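A look at the structure
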Amino acid sequence: MTGRRDALLVLLRIAFRNLAASKVRTSIIGAIVLGGAFLVVLGLSLLDSIDKGMRTSIQGSLGGQLQVYDARSEDSLELYGGLRGESLLEPIEDFAKVKQVLSAVPNVETVVPMGIDQAMVATGNVFDVALERLRADVRRVEGGDGSAEALRGYEARKAHVRRMVGLLRDELGQARSIADLEGRDAEERRREWADLTRAADDGFWAGFDRDRYGNLEFLENRIAKLSMDGGFTFIRYVGTDVDAFFRAFQLAQVAEGEMIPRGRRGILVGKQYAEEWLKLRNARRLDQIKEARDRRGRRIADDEELQRWVRENRAGLKDILLQLDPIQAEEAATRLRGALGPAAAGEQLPALLARLFDTDDASFDARYRIFYDQLAPLLRLYVINVGDTITIKAPAKSGYFNSVNVKVYGFIQFRQIEKSGIAGMMSVMDLQSFRDLYGYMTRERAAEIDAIKRSVGATDLAREDAEAALFGGGGGALEGESRAARIDEGRLLAERRGDRPAEDLSARVYSQEEIDRGVALNAALILRDPSRLRDTLRDVQAASDRAGLHLKVIDWQQASGLVGQFVTLLRVILYSAVVIFFAIALVIINNAMVMATLQRVKEIGTLRAIGAQRRFVLAMMLVEIASVGLAFGLAGAGLGGLGVWAVRAAGGIPATSDLLNFLFSGPALMPTLGGGSVAVSIVVVVVVSVLSGFYPALLAMRVTPVEAMATED
C-alpha cells in the first residue's frame, strides 16, 4: 500500500514538473479544457433552469404530471394546440368510471376532467351596444317615466346614435368611392346606401318619437349590420370541473371578478386573451408602448414600431368617439382640458384626443396616467366585461352548431406567466356547458330524447315517406283546410310546460356526481410525489388496461406537444455543440501530447534504463494529462459558476417573447448552478483529456533505452 502511494506521489511530482516545464503546451491544452468545462457548466445550468421553468409552467397551468385520453383517438393530445389546430380526440364517455379507477392508483392525488376546444363568441359591435342602451331608455319613456333624468338620458342616447349614423355614412361614403357599384351586389349596395341616407336624414330624427320601437328596429336590423366592426370573436377554452381545476393547478388565479360558484355554470375569460383581443385598441396600444419602454428599454424616438403605434393611436379615434354620447363626450372634453393644460383650452374632443395620444418619450408616462385616470372611466375598455352573459357557439360532434349562454364571472390568469399567450389565452368554463357545446349523445341524453318523443307521439319516418306524411297521401283527397292565424308562441309554450317556468340553467347548482357523470376528452393527473412519475405512469396504464378503459397515458412533456419538445431541441443543440467542441479539442490535445512525447524520448529512455516499467511510463503520461484536465476543468467549472452568478446579478435573461416567458416561467430566466452540471463537466473534460493522451502514452510506453540513446535530439 505504501509502495503504491509512493509511486503515485512520484508520478504526480513528475507530472507537475513536466507541466511547469512546458508552460506553452500546458497553457494551450489547459485553455481548451477550461473552455470546454465553462461551456458545459453554463450550458447545462441554463438548460436545467429552462427545463425547470417549462415544467412549472406546464404542470401548473394545464398539464399536471400525467394526461390520459382515449387510445382510439385519431390525433395525439396536444394541450396547447398543434399545427392542425385542436387535437381530434375520441370522447371519454364515462369520466366518473375513469376517475374511480385512476384515483385508486397509488401516488395519484387528483384526476381533473378536461375538454379543450375553440368556440365563437358573439360580442356585438358598438352600434349594437348603443342601440341596446337607447332601447332601455325608450322602455323607460314608453313606460311612463317622464322624469327630467330619464328624458335627458333618452335625448343623449338618441343624439349619440344619430352621431354614430353620421360617422358611419361618412365612412361608407369613402368606401363607395373605390367600390364596384355595378357588380353582382350593386342592388343590395344601393339599398343599403338608401337606408343609411334615410337614417342620417334630419327628418328621420325629427319623427323618431312618433314610432320609437319601429325606428329602433329599423336601426337594429338595417343599419347596425353595416358597421364594419367585428360582431364576434373566437375563444379557446377548457371545459372542466372548475373547483378541481383550481385545486390542481396552483398557478391559476382569478385576476378580476370572482370564482365561478361551486357547481354553477359560468366562464372565466383568459386575461391575456382579453388584453390582446377584447380591449379597446387605443388602450391596448398604450399598454404595449408602456411595456416596451419599461421592461425592454425601448424608446419612441428611435423605435419604428413604437412610433407606428403612436401614429395609429392619434389617427384612430373613432372607437372612442363612437362610445361617448353627448353628455359623456362633454364630460370627457372637460376632464381632458383640465389635465392637458392651458395649451388645450378651447379645443373640442377630437382635437383633445389627438393631443392626448400624440406622445413622445418625455410626455408618455403623464399621458398614460391621464388616459386611465380621466378618460378610461367613461369608456367600455373591454368588449366583454365581468358580469356579462355571453353566447358561445361551437360546432358539435354531429356537425351542427350548438350554443350556450354563460355568465362571465371574471378573468383568469396564471401566475408568473401572465404575459404568455400560450397559457394566458385559455379560458376556463364549467364542464356542463362544455358538454352542451360538444353535443355528444350520452346514453342519458338519448333516453331523455326518447322520453320526449314518446310524450308528444313522435314517430320515425323514412325519407321517402316524409312528403306523404306532411302533405297528405295523394289521390286528390283533401286532408284538411288551412287558415291564416297569428301564432301565439307564449301560449303554446305555456301549454307545453303546463305553466311551469322554464329552468334557468345559470342558476342551477350541479352536484359532484352530475359533474363527474358524463363526457370528457382528456384528464389531468396530479401526483403526490412527482419524482415517481415513470413508475406511476406504468401503474396508471396498467390500471386502465385492467379496467378496459382504453386510455393512453402520457407525461406532461409529451402532452404539451411542440412546446414540450423545445427543451429537448435545445439539449440536442447543446450536446451537438459540446461533442463538436470536444472532438476538435481531442485532436488538438492529442497532437500536442504527441509532440511533447517525441521531445521527451531521451527522458523516457533514461527512466526505462534505470528500471521504470512500461506501465509506469504509461501511467506517468496519463497522470500528466489527467492532472491538466482536472486542474483546468475545475477552473472552467468555477468560471461557469461565475458566469451563472453574473447572469443572475444582471437580472437574468429577459423573456422577449411569449414563448420565452412561458419557458422561463416568468419575465426573466434566473439560472441556477447545479452540482450535477459541475460534476458532468469535470468528468467530461477528464475523460476527454485522458482519451487525448492515450495514444501519445502508448508511443511513450514503446520507447526502449536503446532507441532513446540513438536519438540525436
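Quick caveat: nothing in here was measured; it's all calculated off a predicted structure.

1. Some details on helix α8 (residues 212–223)
Residue pairs spaced three or four apart in an α-helix point in one direction, given the helix's 3.6 residues per turn. A rise of 1.5 Å per residue sets the reference length of α8, with its 12 residues, at 16 Å; its end C-alpha atoms lie 15 Å apart and thus fit the reference within 8%. Turning to α8, its buried residues are Arg212, Asn215, Leu216, Phe218, Leu219 and Ile223. Taken around the axis of α8, the buried residues stretch over an arc of 155 degrees, which confines them to a single face.

2. Describing the side chain of Glu347
Tracing the sequence through the fold places Glu347 in the loop between α14 (326–340) and α15 (349–357). On the accessibility criterion, Glu347 (19% relative accessible area) is buried. In contact with Glu347, not counting residues within four places along its chain, are Arg337, Leu352 and Arg355.

3. Overview of the pattern of salt bridges
Within this structure, the stated rule accounts for 42 salt bridges. As a salt-bridge pair, Asp325 and Arg157 come within 2.8 Å of each other at their nearest N and O atoms. Here Asp325, found in the loop between α13 (318–323) and α14, pairs with Arg157, found in helix α5 (residues 148–176); they are 168 residues apart in sequence, far enough to count as distant. Judged by its relative accessible area of 25%, Arg157 falls in the partly exposed class. Put simply, Lys271 and Glu256 hold a salt bridge, and the shortest N to O gap is 3.7 Å.

4. Topic: the packing of aromatic side chains
Scanning all chains against the criterion turns up 14 aromatic pairs. Consider the rings of Phe204 and Trp205, whose centres lie 5.2 Å apart with planes at 85 degrees: the pair is edge-to-face. Of the residues examined, Trp205 reaches a relative accessible area of 6% and is grouped as buried. With 4.8 Å between their ring centres and 55 degrees between their planes, Phe245 and Phe249 make a pair best called tilted. Grouping residues by exposure puts Phe245 and Phe249 together as buried. Within the aromatic cluster, the residues linked to one another by ring pairs are Phe357, Phe364, Tyr368, Phe371 and Tyr372. A cation over a ring is seen here: Arg198 above Phe218, with NZ or CZ 4.1 Å from the ring centre.

5. Side note on the pairing of strand β9 (residues 522–527)
Of all six residues making up β9, six are buried, and the element is well covered by its neighbours. On β9, burial covers both faces: Asn522, Ala524 and Ile526 on one face and Ala523, Leu525 and Leu527 on the other are all buried. Alignment of strand β1 (residues 66–70) against β9, held across four bridges, turns out to be antiparallel. Across the sheet, residue Gln67 finds its bridge partner in β9, namely Ala524.

6. Here's the deal with a nonpolar patch on the surface
A cluster of nonpolar side chains, Val24, Ile28, Ile580, Ile584 and Ile588, forms an exposed patch at the surface whose accessible area comes to about 470 Å². The set of elements that each furnish at least two residues to the nonpolar patch consists of α2 (23–63) and α25 (565–599). Per element, the largest residue contribution to the nonpolar patch is three residues, and it comes from α25. Along the polypeptide, Ile588 turns up in helix α25. Among the residues examined, Ile588 registers a relative accessible area of 38% and is labelled partly exposed.

7. Brief notes about unusual backbone geometry
Here Asn107, not a glycine, exhibits a phi torsion of approximately 80 degrees, which is positive. The topology assignment puts Asn107 in the loop between α3 (95–103) and β2 (108–122). Classification of Asn107 as buried rests on a relative accessible area of 6%. The residue Ser665 is not glycine, and still its phi comes out positive at about 55 degrees.

8. Focus: the UniProt feature "transmembrane region" (unreviewed entry) in the protein
Taking the UniProt record as the reference, the feature "transmembrane region" (unreviewed entry) is found at residues 27–47, 572–595, 616–648 and 668–695. What you have in residues 616–648 is 100% helix and 0% strand, and the ends, taken at the C-alpha atoms, are 47 Å apart. Along residues 668–695 one finds 75% helix and 7% strand; the C-alpha atoms at either end are 46 Å apart.

9. Focus on helix α26 (residues 601–609)
Turning to α26, its buried residues are Val601, Ile604, Gly605, Leu607 and Arg608. End-on, the buried residues of α26 take up no more than an arc of 160 degrees, which puts them together on one face.

10. Describing a negative patch on the surface
On the surface, Glu74, Glu90, Glu93 and Asp94 cluster together into a patch of negative charge. Here Glu90 is to be found in the loop between β1 and α3. Classification of Glu90 by relative accessible area gives partly exposed; the value is 35%.

11. A closer look at the side chain of Glu624
Take Glu624: it is sitting in helix α27 (residues 614–649). Note on Glu624: relative accessible area 0%, which makes it buried. Setting aside anything within four residues of it in sequence, one finds Glu624 in contact with Ala15, Asn18, Leu19, Arg25 and Arg600.

12. Some details on the packing of α5 against helix α6 (residues 186–200)
For the pair α5 and α6, interaxial distance at closest approach is 9 Å and the crossing angle is 150 degrees. Like other packed secondary-structure pairs, α5 and α6 cross with a definite hand, here left-handed. Side by side, α5 and α6 meet where Val165, Leu168, Arg169, Leu172, Gly173 and Arg176 of the first sit next to Arg189, Trp193, Leu196, Thr197, Ala199 and Ala200 of the second. Across the contact of α5 with α6, the residue classes tally to seven nonpolar, two polar and three charged.

13. Re empty space enclosed by the protein
Enumeration over the complete set of coordinates arrives at four cavities of 30 Å³ or more. In this structure, the largest cavity occupies an estimated 100 Å³ of space. Of all the secondary structure elements, the ones that give two or more residues to the lining of the largest cavity are α9 (242–248) and α18 (431–438). In terms of residue class, the lining of the largest cavity is built from six nonpolar, three polar and five charged.

14. Topic: the nonpolar core
Leu102, Phe245, Leu349, Leu353, Phe371, Ile392 and Val540 are the most contacted members of the largest nonpolar core, which totals 123 residues. Ile29, Leu44, Val623 and Val688 belong to the second-largest nonpolar core, a separate cluster that totals 35 residues.

15. Describing the packing of α14 against helix α16 (residues 364–375)
Each pair of packed helices can be described by the angle between their axes along with the distance between the axes. Contact pair α14 / α16: the axes reach a minimum separation of 10 Å and the direction vectors enclose 150 degrees. α14 and α16 meet at a crossing whose hand is right-handed. Seen from α14, the contacting residues are Ala332, Arg335, Leu336, Ala339 and Leu340; seen from α16, they are Arg367, Ile370, Gln374 and Leu375. The class makeup of the residues in the contact of α14 with α16 is six nonpolar, one polar and two charged.

The rules we used
Residues numbered from 1 in each chain as written. Predicted model: local features only at pLDDT ≥ 70, side-chain atom pairs only at ≥ 80, totals over all residues. Heavy atoms only, no water. Helix = DSSP H or I, 4+ residues; strand = E, 2+ residues; numbered from the N terminus. Expected span 1.5 Å × (residues − 1). Buried < 20%, exposed > 50% of the residue type's maximum accessible area, 1.4 Å probe, protein only. Arc of directions from axis to C-beta. Contact = heavy atoms within 4.5 Å. Salt bridge = Lys/Arg side-chain N within 4 Å of Asp/Glu carboxyl O. Phe/Tyr/Trp six-rings, centres within 6.5 Å; stacked < 30°, edge-to-face > 60°. Lys NZ or Arg CZ within 6 Å of the ring centre and 35° of its normal. Pairing = 2+ DSSP bridges. Patch = residues over 30% accessible without salt bridge, like charges linked within 9 Å, V, L, I, M, F, W, Y side chains within 5 Å. Areas by Shrake-Rupley, 256 points an atom, 1.4 Å probe, with all protein chains shown as cover. UniProt positions renumbered as here; feature names shortened; annotations may be inferred. Lys, Arg positive; Asp, Glu negative; His and termini not counted. Charge placed at Lys NZ, Arg CZ, Asp CG, Glu CD. Axes fitted to C-alpha atoms, helices over the stretch in contact; angles between N-to-C directions. Left-handed = near helix turned anticlockwise from the far one by under 90°. Nonpolar A, V, L, I, M, F, W, Y, C, P; charged D, E, K, R; others polar. 1 Å grid on protein atoms, 1.4 Å probe; cavity = no way out; pocket = protein on both sides within 12 Å on 5 of 7 lines; lining within 4 Å. Points joined across faces, edges and corners; volume = space filled by probe spheres on them. Core = buried A, V, L, I, M, F, W, Y, C linked by side-chain atoms within 4.5 Å.

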